[in-house]
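# Architecture at a glance
Now for the letters of each chain:
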Amino acid sequence: MLWADKANGATTDDLSTGLGLATDKDGNAFVTGAVVGRITFGNLPATTGDLGAIVAKLSAGGTVASTRTAPVASKLSVFPNPASGSATLTLPAGGGRLVLSDALGRTVREQQLPAVAGACPVSLEGLTPGVYQLRATLANGEVAHAALSVR
């Protein structure tokens, strides 16, 4: 919890989520997660243009080391964000499949995407509030991601 309080500088367009935690025999903690936008953990910036993964080594004295991978894929536009009930994706190309995953990476919903580029509604009915990942595999082979906060 103390480390989570260190994430600052976030705006409504910025998101971070923890995905894994492990410790070693020396008492260090290793955290993995995802970052979108510009967030600072202590004095370490984690800035991405798109969805990126982050790995941090934490010790009793604070964050010892941190690294961020390159963006995984194109950014998918989703609004409103945060949302409840439904959200709308702006697809850069038509066709394909959308997978909605929870913070643990479990698929909670899938849907076919419309054959044309543009607006695509996504139902959020029945989802527990939290952070979800949207992964669109488009008919042209492009993969696009977005983080979505559900209220």
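What you are looking at is a predicted structure, and each value in this text was computed from that prediction instead of being measured.

Thresholds, definitions, all that
- Residues numbered from 1 in each chain as written.
- Predicted model: local features only at pLDDT ≥ 70, side-chain atom pairs only at ≥ 80, totals over all residues.
- Heavy atoms only, no water.
- Pairing = 2+ DSSP bridges.
- Helix = DSSP H or I, 4+ residues; strand = E, 2+ residues; numbered from the N terminus.
- Axes fitted to C-alpha atoms, helices over the stretch in contact; angles between N-to-C directions.
- Core = buried A, V, L, I, M, F, W, Y, C linked by side-chain atoms within 4.5 Å.
- Buried < 20%, exposed > 50% of the residue type's maximum accessible area, 1.4 Å probe, protein only.

A separate point is the sheet that holds strand 10 (residues 86–91). Taken in spatial order, the three strands line up as 9-10-13 in an open sheet, and their pairing is antiparallel. Here the strands that pair on one side only, and so sit at the sheet edges, are strand 9 (77–79) and strand 13 (118–123). Taken over all neighbouring pairs, the strand axes of this sheet differ in orientation by 30° on average, direction set aside. Note: strand 9 against strand 10, three bridges, orientation antiparallel.

With six bridges connecting them, strand 11 (residues 96–101) and strand 14 (residues 130–138) associate as antiparallel partners. Paired with Arg97 across the strands is Thr137, a residue of strand 14. As paired elements, strand 11 and strand 12 (residues 107–112) share five bridges and run antiparallel to each other. Across the sheet, residue Ser101 finds its bridge partner in strand 12, namely Thr107. Taken together, strand 11 and the strand that follows it, strand 12, pair antiparallel across an intervening segment of five residues, in which Gly105 is found at a positive phi of about 85°.

Before going further, it helps to spend a moment on the nonpolar core. Of all hydrophobic cores here, the largest spans 22 residues; its most connected members are Leu76, Leu89, Leu98, Leu124, Leu134 and Leu148. Of all the secondary structure elements, the ones that give two or more residues to this core are strand 10, strand 11, strand 13, strand 14 and strand 15 (143–150).

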